[in-house]
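Chain residues, written in single-letter form:
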Amino acid sequence: MATGKRTPAPAPRRRAPRPSVTFRTRERVVESAGEDLQARAVELARAGRHAEAVQVVSEALSAGGLGAAQQFALLELRAESHIAAGALDLADADARAMHALARRSPALRARACNCEALVAARRGDANAAVAAATTALDAARRCRDPALEAISLLRLADAQYRTFDGHQSALDNAARAATIFERLGDRARQGQARCVQGF
């Protein structure tokens with residue numbers, strides 16, 4: 001009669017887990033899709049197809065999963081198309097949403113205020129446009145972004161020109177904007193600044 005201990009049976013081999021899509025991978029996929037849609041919206045807007053640009057951006061935003069920076073950029077694009085189409089109430093709503101996303105970022109705050117200034121100017125509220133553009137310029141200078149500073153100067157000049165007593169300030173700020181745009185090689189916006197100077 002055998003008295004030795006039984007040899008334990010070998011443990012069953014576990015199958016290696018199948019590779020799964022991690023959260024970070026999914027995030028990258030969503031961000032990539034958002035960038036593609038953003039590029040498509042820019043193309044449509046440049047072609048003057050603003051209704052289609054708005055639709056592309058709206059679909060991207062409603063799909064969800066985008067980071068705050070991408071949401072902000074898409075809202076900015078949609079607001080610009082709304083302004084071009086004369087849908088100022090919708091553009092104002094997007095500007096407000098941009099402010100909510102900006103939080104403590106001076107750069108995002110400057111961009112949101114520039115959008116707000118553009119909406120106010122198109123509505124004929126020159127004083128509100130000046131106030132928003134002034135805030136944008138202060139924020140742009142805090143983050144030391146020359147391009148953003150120049151855009152803010154351009155928005156401020158455009159707003160000041162619409163007031164009764166701000167024409168000289170408009171000329172001065174347009175000249176400053178044109179100088180920065182020239183240094184940055186942005187000929188299109190330099191031309192916009194020169195247009196303000198020529199009013």
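For the structure itself, consult the block above.
Residues numbered from 1 in each chain as written. Predicted model: local features only at pLDDT ≥ 70, side-chain atom pairs only at ≥ 80, totals over all residues. Heavy atoms only, no water.

(A) Seen up close, the overall build of the protein chain. For the protein chain, the helix and strand inventory stands at nine helices and zero strands. Listing the helices and strands of the protein chain from first to last along the sequence gives α-α-α-α-α-α-α-α-α. Looking at the 199 residues of the protein chain, the share that counts as buried comes to 37%. In the protein chain, the share of contacts with a sequence separation of at least 24, taken over all contacts with a separation of at least 6, comes to 49%. When the accessible surface of the protein chain is split by element, carbon and sulfur atoms take 51% of a total near 12,600 Å². (Helix = DSSP H or I, 4+ residues; strand = E, 2+ residues; numbered from the N terminus. Buried < 20%, exposed > 50% of the residue type's maximum accessible area, 1.4 Å probe, protein only. Contact = heavy atoms within 4.5 Å. Areas by Shrake-Rupley, 256 points an atom, 1.4 Å probe, with all protein chains shown as cover.)

(B) Structural view of the packing of helix α5 (residues 106-123) against helix α7 (residues 146-161). Remark: α5 packs on α7, axes separated minimally by 10 Å, with the N-to-C direction vectors making an angle of 20°. When the axis of α5 is compared with that of α7, the two are roughly parallel. Relative to α7, the crossing made by α5 is left-handed. In this structure, α5 uses Ala107, Ala110, Arg111, Asn114, Leu118, Ala121 and Arg122 to contact α7, whose residues at the interface are Leu148, Ile151, Ser152, Arg155 and Asp158. Broken down by class, the residue content of the contact of α5 with α7 amounts to six nonpolar, two polar and four charged. (Axes fitted to C-alpha atoms, helices over the stretch in contact; angles between N-to-C directions. Parallel < 35°, antiparallel > 145°, perpendicular 65-115°, else oblique. Left-handed = near helix turned anticlockwise from the far one by under 90°. Nonpolar A, V, L, I, M, F, W, Y, C, P; charged D, E, K, R; others polar.)

(C) Fine view of the nonpolar core. One finds Leu154, Ala177 and Phe181 to be the most contacted residues of the largest nonpolar core, which totals 22 residues. Secondary structure elements with two or more residues in this core: α5, α6 (126-142), α7, α8 (167-184) and α9 (187-198). Contacts of Phe181, omitting those with residues within four sequence positions, involve Ala147, Ala150, Ile151, Leu154, Asp186, Arg189 and Gln190. Residues Phe72, Met98, Leu101 and Cys115 belong to the second largest nonpolar core, which totals 10 residues. (Core = buried A, V, L, I, M, F, W, Y, C linked by side-chain atoms within 4.5 Å.)

(D) Local environment of the environment of Val57. Along the chain, the position of Val57 falls in helix α2 (residues 50-63). In this structure, the C-alpha to C-alpha distance between Val57 and Gln38, residues 19 residues apart in sequence, is 7.0 Å. Look past the residues within four positions of Val57 in its chain and what remains in contact with it is Ala41, Leu74, Leu77 and Arg78.

(E) Highlighting unusual backbone geometry. A positive phi angle, close to 50°, is found at Arg103, a residue other than glycine. One non-glycine residue with positive phi stands out, namely Arg144, at about 55°. Among the secondary structure elements, Arg144 is positioned in the loop between α6 and α7. On the basis of relative accessibility, which here comes to 77%, the residue Arg144 falls in the exposed class.

(F) Structural detail: the packing of helix α3 (residues 68-85) against helix α4 (residues 88-102). One way to put it is that α3 packs onto α4 with a least axis distance of 8 Å and a crossing angle of 160°. Taken together, the axes of α3 and α4 are roughly antiparallel relative to one another. Like other packed secondary-structure pairs, α3 and α4 cross with a definite hand, here left-handed. On the side of α3, the interface is formed by Ala68, Gln71, Phe72, Leu75, Glu76, Arg78, Ala79, His82 and Ile83, while α4 contributes Leu88, Leu90, Ala91, Asp94, Ala97, Met98, Leu101 and Ala102.

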